[in-house]
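# Breakdown of the fold
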Amino acid sequence: MPTDLHLASGSPATADADAVVIGLLPGSGSEGPRLAPGADEVDAAFDGGLAELLALAGATGKADEVVKLPTRGTLTAPMLVAVGMGKPDDAVSGPGAEQVRRSSGAAARVLAGTRHAVSTLSRLDLAAAAEGSLLGAYTFREYRTNGEGKTPVGRVDLLTDAADAEATLRTATALGAAVRTARDLVNTPPNDLFPESFAARARALAEDAGVEVEVLDDAALAAGGYGGVLGVGQGSARKPRLVRLRWSGGAAPRAKVALIGKGITFDTGGISIKPAANMDHMTSDMSGAAAVVATTVLAARLRLPVAVTATVPMAENMPSDTAYRPGDVLRMYGGKTVEVLNTDAEGRLILADAIVRAAEDSPDYLVETSTLTGAQQVALGMRTAGVMGSDEFRDRVAALARGTGEDAWAMPLPAHIRADLDSRIADIANVTGSRWGGMLVAATFLREFVPDGLPWAHIDIAGPAFHSGGPYGYTVKGATGVPVRTLFAVLSDIAENG
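The following refers to the structure shown. Worth saying up front: this structure is predicted, and the values here are computed from it rather than measured.

Our focus in this paragraph is the overall build of the chain. In terms of helices and strands, the chain carries 15 helices and 21 strands. Taken over C-alpha atoms, the radius of gyration comes to 24 Å for the chain, in line with the 23 Å a tight globule of 498 residues would show. Summarising its shape, the C-alpha atoms of the chain cover approximately 80 × 50 × 45 Å along the three principal directions. Counting every position in the chain, which comprises 498 residues, the buried fraction comes to 56%. Within the chain, residue pairs in contact and separated by at least 24 positions form 76% of the contacts whose partners lie at least 6 positions apart. For the chain, the exposed area adds up to about 19,600 Å²; of that, 50% sits on carbon and sulfur atoms. Each charge sign in the chain was given a centre, from 45 positive and 58 negative side chains, and these centres are 3 Å apart.

Turning to helix α10 (residues 347-359), a few remarks are in order. In this model, α10 (13 residues) spans 18 Å end to end at C-alpha, consistent with the 18 Å of a helix rising 1.5 Å per residue. Along α10, 13 of the 13 residues are buried, which leaves the element largely enclosed by surrounding structure.

The subject of this paragraph is the sheet that holds strand β18 (residues 428-429). Strand order in the open sheet formed by three strands is β13-β14-β18, with mixed pairing between adjacent strands. Edge positions in the sheet fall to β13 (329-331) and β18, since each of these pairs with one other strand and no more.

It is worth spelling out helix α6 (residues 195-208) at this point. In this model α6 runs 20 Å from its N-terminal to its C-terminal C-alpha over 14 residues, within 8% of the 20 Å that 1.5 Å per residue would give. All buried positions along α6 are accounted for by Pro-195, Ser-197, Phe-198, Ala-199, Ala-202 and Ala-206. Two residues or fewer past α6, Gly-210 is found with a positive phi of approximately 75°.

For the rest of this paragraph, the subject is the packing of α6 against helix α9 (residues 287-301). Each pair of packed helices can be described by the angle between their axes along with the distance between the axes. At a minimum axis distance of 9 Å, the contact between α6 and α9 shows a crossing angle of 15°. Classified by the interaxial angle, the pair formed by α6 and α9 is roughly parallel. Of the two possible hands of crossing, α6 and α9 adopt the one that is right-handed. Judged by residue contacts, Phe-198, Ala-202, Leu-205, Ala-206 and Asp-208 of α6 engage Ala-289, Ala-290, Val-293, Val-297 and Arg-301 from α9. Looking at the contact of α6 with α9 residue by residue, the class counts come to eight nonpolar, no polar and two charged.

A cis amide bond links Val-482 to the next residue, Pro-483, at an omega of 5°. Along the polypeptide, Pro-483 turns up in the loop between β21 (478-479) and α15 (484-497). Positioned with a positive phi, Asp-64 is a non-glycine residue whose angle comes to about 75°. Inspection of the secondary structure assignment puts Asp-64 in the loop between α2 (50-56) and β4 (66-70). Not every positive phi belongs to a glycine, and Ser-362 is a case in point at roughly 55°.

Across the six residues that make up strand β5 (residues 79-84), a large majority, five, are buried. Pairing geometry for strand β2 (residues 19-25) and β5, over six bridges, is parallel. Counterpart to Val-21 in the pairing with β5 is Val-81. With five bridges connecting them, β4 and β5 associate as antiparallel partners. Looking at β5, one finds that Val-67 is bridged to Ala-82.

Attention now goes to the packing of aromatic side chains. Considering all chains together, one arrives at four aromatic pairs under this definition. Ring centres of Tyr-226 and Tyr-333 lie 4.3 Å apart, and the angle between their planes is 20°; this geometry places the pair in the stacked category. Of this pair, Tyr-226 sits in the loop between α7 (218-224) and α8 (227-233) while Tyr-333 is found in the loop between β13 and β14 (337-339), placing the two residues 107 residues apart along the sequence. Across this residue pair, the class does not change: Tyr-226 and Tyr-333 are buried. One residue, Lys-336, lies across the ring of Phe-449, its end atom 5.8 Å from the ring centre. The aromatic ring of Tyr-472 is capped on one face by Arg-383, whose charged end is 3.7 Å from the ring centroid.

Bringing the pairing of strand β6 (residues 116-119) into the picture now. By the alternation rule, side chains of β6 split into His-116 and Val-118 and Ala-117 and Ser-119, which are all buried. Relative to β6, β2 is paired through three bridges, and the arrangement is parallel. Across the sheet, residue Val-21 finds its bridge partner in β6, namely Ser-119. Bridging between β6 and strand β7 (residues 155-159) involves four bridges; their strand directions are parallel. Across the sheet, the residue bridging to Val-118 is Asp-157, located in β7.

The next point concerns the packing of α9 against α15. At a minimum axis separation of 9 Å, α9 and α15 run at an interaxial angle of 40°. When the axes of α9 and α15 are compared, the pair comes out oblique. α15 is crossed by α9, and the crossing has right-handed handedness. On α15, the residues that touch Ala-291, Val-292, Ala-294, Thr-295, Leu-298 and Ala-299 of α9 are Val-484, Leu-487, Phe-488 and Leu-491. Tallied by class, the residues present in the contact of α9 with α15 amount to nine nonpolar, one polar and no charged.

Quick look at the environment of Ala-128 now. If you trace the backbone, Ala-128 turns up in helix α4 (residues 126-136). With 29 residues separating them along the chain, Ala-128 and Gln-99 place their C-alpha atoms 8.5 Å apart. What Ala-128 contacts, discounting residues up to four positions off in sequence, is Ala-97, Val-100 and Arg-101.

With that settled, consider the pattern of salt bridges. In the structure shown here, the tally under the stated rule is 26 salt bridges. For Lys-262, the salt bridge is made with Asp-285, and the minimal N-O distance between the two is 3.0 Å. Residue Lys-262 is located in the loop between β10 (256-261) and β11 (263-267), and its partner Asp-285 is located in the loop between β11 and α9; the two are separated by 23 residues in the primary sequence. Taken individually, Lys-262 and Asp-285 each receive the classification buried, so the pair is uniform in this respect.

What counts, and at which threshold
Every chain's residues receive numbers from 1 upward, in the order its sequence appears when written. Where local features are concerned, this predicted model is filtered to residues with pLDDT of at least 70; where side-chain atom pairs are given and counted, the filter is 80 or more; whole-chain, interface and lining totals use all residues. Side-chain numbers come from the whole structure's heavy atoms, not from hydrogens or water. For helices the rule is a DSSP run of H or I covering at least 4 residues; for strands it is a run of E covering at least 2, with both sets numbered from the N terminus onward. To get the radius of gyration, use the C-alpha atoms; to get the globule rule, take the number of residues to the power 0.38 and multiply by 2.2 Å. Type-normalised accessible area, obtained with a 1.4 Å probe on protein chains alone, sets the label of each residue: buried when under 20%, exposed when over 50%, and partly exposed for intermediate values. Should any heavy atoms of two residues lie within 4.5 Å, those residues are considered in contact. The Shrake-Rupley method, run with a 1.4 Å probe sphere, supplies the accessible areas, and residue values consider only the shown protein chains as cover. When charges are counted, neither His nor the chain ends are considered; positive counts come from Lys and Arg and negative counts from Asp and Glu. A charged residue contributes its charge at one atom only: NZ of Lys, CZ of Arg, CG of Asp or CD of Glu. One less than the residue count of a helix, multiplied by 1.5 Å, gives the span that helix is expected to have. Strand pairing is assigned whenever DSSP identifies at least 2 bridges connecting the two strands. Fitted lines through C-alpha atoms serve as axes, helices being fitted only where they are in contact, and the angles separating the N-to-C directions of these axes extend from 0 to 180 degrees. Between 65 and 115 degrees an angle is taken as roughly perpendicular, under 35 as roughly parallel, over 145 as roughly antiparallel, and anywhere else as oblique. For a crossing to be left-handed, the near helix must be turned anticlockwise from the far one by less than a right angle; the clockwise case is right-handed. Amino acid classes used here: Ala, Val, Leu, Ile, Met, Phe, Trp, Tyr, Cys and Pro are nonpolar; Asp, Glu, Lys and Arg are charged; the rest, including Gly, are polar. Note on aromatic pairs: the rings of Phe, Tyr and Trp (six-membered ring only in Trp) are paired at centre separations within 6.5 Å, and the planes decide the class, stacked below 30 degrees, edge-to-face beyond 60, tilted for the rest. Only lysine NZ and arginine CZ atoms are considered, and such an atom sits over a ring when it is within 6 Å of the ring centre and within 35 degrees of the ring normal. Any carboxyl oxygen of Asp or Glu within 4 Å of a side-chain nitrogen of Lys or Arg constitutes a salt bridge here.

Purely geometric numbers; function is a separate question.
If you want it as C-alpha cells, here you go:
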C-alpha cells in the first residue's frame, strides 16, 4: 500500500507519532550544521542545542545524509530523523523545492517499517514534501514471495499553515500516484507486460478515470497501414498494438495536446541484436509509453482544461524467422518509406507512425518521449534528458522539466544531419553510417514526420527512465517514472498560458 499523507498543524515536539523529520543545512566554513526553517519547536525542546547534538552524531547537512537519534522523552515521538538538504540554491530564500522533495524522499526511505511520522519539511514546500515522501517510499513487491524487505512508512503527517493546503496536497498526491503508476508499469517484467497486456492495463487505467480508449490490434494496424509498428513487431509471437487515449479537457479546453510514448515492451535489438550484458534493462524500453499513459490519466483525474490525446505504439522487438531485417523497406503510416539499416533503431519507426496519426487530429502542440538512444546517455549522462524539437517549444519544455526536478537540456538539430539519413532506395534511412550525434540523428528522423509549423518536442529519457544504482533522494532502484512530472508541468503550463 502507498504511504498515506495527511495535513497537520501544531508542534512537532508534541506530535503523537513514531518519528519526527527535520531538515539540516551545511554550516559555513568550519561551523557545524544548521537547522532548516520549520524546526524551531523541536530545537526548543532540546534547549536550543539540537544542531550541536546532531553535529556530535556526525551530521553535516550534506544532501541525502540521514541521522537518526532517540529522543529519550525530549519529544513525544521516540525518534528524530534529521535529513541533510545540501547547500541552498539561494542563500536568501533558503532551500528550493527540489531540495525539499529530495530530502523528503531520503527520509521516507529511512522510515521504511515505521508506522507514523511527522515532517517539518512541508513547512518549506508542501507539494515538494508530499511528492518526495510518496516517491521515496515507493517499493515494487509484486514478485516477492518471502516478504523480504520492510514495508513503506505507513503514514506521514505534513505540517503546514498554507491557506490552500488541501488543494495543494490533492494535486501533489495525484501526481505522486501517477509517477508510481508509471514505475509499476516499467518494473513489471516483460513476460507479464507485452503489447496485448500493456494495452489492457492502459485501458483499465483510462476507463477508471473516464478517459476514452481505442486499441488497434495487429489486424487493425495492417488495415490502417501502420508499417512501422507492424515491421518492428512482426518478429515476436506477441503481436503489436496501438493505444489511443482521449481526455476532452472539459467544457472549454485551452488547447489540444498530442502526447506520444514509445512502448517497446522488450528490446533485444532484433536481428541487429544487442550484447547480453545489461539487456535485462530493456524491460524499461516502454518507459515513454508508461509516462504518457499515466500523465493522460492524471490530466483527466485533475480535470486539466487541456484536451489530451495520447497515441501509444506498443511492440516487442525480437529476432526470429519472421523478424524484419536490415535492408528491408517499410511503408509507414501516411505513405513515407524507410530503409531499415539497423533493427535496433526500432523506436523511431513505431514513433513515426504514431506522430503522423497524432498529427491528423490537428493538435496545437505535440510532445513525444522515449528511451530512444544510447547516445543520450553518452552526451548527457544517466540523469539528464535531452530535449529536441521546434526551438521555442523545445526550450519551454526543457525549462519546465528542470523546474520539476527532472533534469533536462535543450539540444540542437543541425541541418546537415538530414543528408546523412538519405537512403539508397527509400525516402529516408533509419540510421546514418556514422556513430556521432546519435541522439540528434534520431530526433532529425522523427522531425521528418512532424507537420511543418506544429510546435513539438522530443524528450529522450534513455538514461533518466531507469536507475540501476543505489537509491538517492526520492529515486529508488529500477524505474524512476521520468518524465511524468515534466509532461504534467507542460500540460499545466499550457492550461494556464496557452
